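What follows is the residue order along each chain.
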Amino acid sequence: MNKKKIINDPVYGFVSIPSAFIFDLVQHPYLQRLRYIKQVSMTHLVYPGALHTRFQHVVGAMHLMSLAIDTLKSKDVEISPEEEEAALAAILLHDIGHGPFSHSLEHTLIEGVSHEMISALLMDKLNEEFEGRLTLAITIFNDQYPRKFFHQLVSSQLDTDRMDYLNRDSFFTGVSEGVISFDRIIKMLHVYNDELVVEAKGIYSVEKFLIARRLMYWQVYLHKTVIGAELMLIKILARAKEISAQGASLFATQALRHFLTNKVDIHNFLEDPVHLTNFMRLDDTDILSAVKEWAFGEDKILRVLCTKLMQRNLLRTELRNASFSEEEVKQVRAKVKAHFGLTEEEVDYFVYTQVVRNSAYDLKQNNIKILNKQGVVQDITEASDLSNLEALAKSVEKYAISYPKEVGLVFGHL
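Remember, it's a predicted structure, so these values are computed and weren't measured experimentally. (Residues numbered from 1 in each chain as written. Predicted model: local features only at pLDDT ≥ 70, side-chain atom pairs only at ≥ 80, totals over all residues. Heavy atoms only, no water.)

Trainee: Which parts of the structure should I look at to understand the environment of D286?
Mentor: Looking at the secondary structure, you find D286 in helix α15 (residues 284-294). Separated by 254 residues in the primary sequence, D286 and Q32 have C-alpha atoms spaced 16 Å apart. Among all residues touching D286, those that are not within four sequence positions of it are T253, A255, L256 and R281. (Helix = DSSP H or I, 4+ residues; strand = E, 2+ residues; numbered from the N terminus. Contact = heavy atoms within 4.5 Å.)

Trainee: Would you mind showing me how to read the pairing of strand β4 (residues 195-199) here?
Mentor: Look at any regular strand and the pattern is simple: side chains alternate between the two faces of the sheet. Counting buried positions along β4 gives 4 out of 5 residues, so the element sits mostly inside the fold. Where strand β3 (residues 189-192) and β4 come together, 4 bridges link them in antiparallel fashion. Bridging across to β4, V191 finds its partner in L196. Between the end of β3 and the start of β4, which pair antiparallel, lie 2 residues, with N193 showing a positive phi angle near 55°. (Buried < 20%, exposed > 50% of the residue type's maximum accessible area, 1.4 Å probe, protein only. Pairing = 2+ DSSP bridges.)

Trainee: Would you explain the sheet that holds strand β6 (residues 352-358) in this entry?
Mentor: Paired through backbone hydrogen bonds, the strands of a sheet run either parallel or antiparallel to each other. The strand order across the open sheet formed by 3 strands is β5-β9-β6, and the pairing between neighbours is antiparallel. Of all the strands in the sheet, the pair left with one neighbour each is β5 (316-320) and β6. Each adjacent strand pair in this sheet contributes to an overall mean axis angle of 25°, direction not counted. Packed on one face of the sheet, helix α10 (residues 203-221) meets β6 and β9 (396-403) and runs near 165° to β6. Across the sheet, helix α11 (residues 224-245) touches β5, β6 and β9, and the angle it forms with β6 is around 130°. (Axes fitted to C-alpha atoms, helices over the stretch in contact; angles between N-to-C directions.)

Trainee: Where do I start with the pairing of strand β2 (residues 13-16) in this structure?
Mentor: Summarising the sheet, strand β1 (residues 6-9) and β2 pair through 4 bridges and their orientation is antiparallel. Within β2, the position partnered with N8 by the bridge is F14. Linking β1 to β2, which pair antiparallel, is a turn of 3 residues.

Trainee: Could you clarify how one ought to interpret the side chain of E85 in this entry?
Mentor: Along the chain, the position of E85 falls in helix α4 (residues 81-92). A polar side-chain atom of E85 sits 3.2 Å from a polar atom in the side chain of R133. Not counting residues within four places of it along the chain, the set of residues in contact with E85 comprises S19, F21, I22 and R133. (Polar contact = N/O pair within 3.5 Å; in protein donor to acceptor, adjacent residues only side chain to side chain.)

Trainee: Help me out: how do you make sense of the nonpolar core in this one?
Mentor: For soluble globular proteins, nonpolar side chains are generally found buried alongside one another. Residues L256 and W294 are the most contacted members of the largest nonpolar core, which totals 135 residues. Ranked by residue count, the leading element in this core is helix α3 (residues 54-74), at 10 residues. Residues W218, L222, I227 and V356 belong to the second largest nonpolar core, which totals 5 residues. (Core = buried A, V, L, I, M, F, W, Y, C linked by side-chain atoms within 4.5 Å.)

Trainee: What should I look at first to understand the pattern of salt bridges in this one?
Mentor: Note that side chains of opposite charge can pair when their charged atoms are close. Counted under the stated rule, the structure contains 20 salt bridges. A salt bridge links E344 to K337; the nearest nitrogen and oxygen atoms lie 3.5 Å apart. Among the residues examined, E344 registers a relative accessible area of 39% and is labelled partly exposed. A salt bridge links E397 to R357; its shortest N-O distance comes to 2.9 Å. Taken together, the residues E397 in strand β9 and R357 in strand β6 connect sequence positions 40 residues apart. Overall, the relative accessible area of 32% leaves E397 in the partly exposed class. Three or more residues are tied together by salt bridges with common partners; here these are R333, K337, E344 and D348. (Salt bridge = Lys/Arg side-chain N within 4 Å of Asp/Glu carboxyl O.)

Trainee: Before we go on, may I ask you to explain the packing of aromatic side chains in this structure?
Mentor: For any pair of aromatic rings, the description rests on two quantities: the centre-to-centre distance and the angle between the ring planes. Within the structure shown, the criterion is met by 9 aromatic pairs. On the numbers, 5.3 Å between centres and 85° between planes, the contact of F21 with F130 is edge-to-face. Taken together, the residues F21 in helix α1 (residues 20-27) and F130 in the loop between α5 (115-129) and α6 (135-141) connect sequence positions 109 residues apart. With relative accessibility at 5%, the residue F21 sits in the buried group. By way of ring pairs, the aromatic residues Y145, F149 and F150 are connected into one cluster. Cation over ring: K398 sits above W218, and NZ or CZ is 4.5 Å from the ring centre. (Phe/Tyr/Trp six-rings, centres within 6.5 Å; stacked < 30°, edge-to-face > 60°. Lys NZ or Arg CZ within 6 Å of the ring centre and 35° of its normal.)

Trainee: When you look at unusual backbone geometry in this model, what are you seeing that I'm missing?
Mentor: Note on backbone geometry: most residues besides glycine have negative phi, and most peptide bonds are trans. A positive phi angle, close to 55°, is found at F101, a residue other than glycine. When you line up the elements, F101 lands in the loop between α4 and α5. The exposure class of F101 is buried, given its relative accessible area of 3%. One non-glycine residue, D194, lies in positive phi territory at about 65°. Along the chain, the position of D194 falls in the loop between β3 and β4.

Have a look at this one:
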């Protein structure tokens, strides 16, 4: 069988599957499952083109990893065939543990378990299946390999993961502020003392990358309508779990029913492999089919929330720099309670507040290093002449409140 395949990617053009082993990983059911998980969850409700998947993202990130390795080898950085294959496998598998709707439901179905933890468990299972072929990839993924630049290409503040999702999410949303010069950044990569650095000629491309990341968070990932829709989905699953625990029989696929009728947390998840087995049978289609059916169910709260979500009659979300006072929240809750005839506890499903945070650059870990012409390595904030670059490292907080539109405009245009 010919395993040297080419994938036609809308962002990069033709992407090559470099080896038979990588092809076998791509074809594995764990990877193929990512075709049915959207990359940016509910963002399509604001940007209709944002229907791309985690599968597209991991293949794109693998392509960028291949370009980065080619660049480093051209600069006489010694990289063995085993190291190259391991780095490609590590980036290909980095998101394998994502559940339905990616980050949105991360701690809803399984309390206290991150997708990174599930990715690590699945990589161990794959390593057994492939008879130890992934040992080096796992070592790189866990940052236990002495040549640190391999892990930095997989996970850092300037990794192939971030480069792909900014480029890809910008492409599919149509938000041009997210476009980055990924090709120039990759061409400027080098290795110094086994750590990843960027040659000084690439500093402006890196600055643009950091600014693009900040803008994409506010315009796309933390868009007020997106975060409101994601919370609606979280509340829908919470309500479904609540009434299932009370004995209600809800429509659900077998895998979803497992998580509706069992309390799964970090402790029993790790103890009983049946939970992981059921989790790996879940994708967006399980959730979406259930939401469509629950919109016609007996439970009023579930029916109203699911109908609103399916018809894109979303809650109104206000986002501002100052927190909402207790009195403001109380006023909204009272209006919603009266309008829908809810109890005080039931109002929690229709009114929610949250704090969103955005920091484009973290000064405390995995700093982006610039290699100047004198061979001196500096943090990008020191090497840059962009006066507001350090400001990007500050965490910006904004406050959101979501509530049904039917109660009228409470806060005015903010």
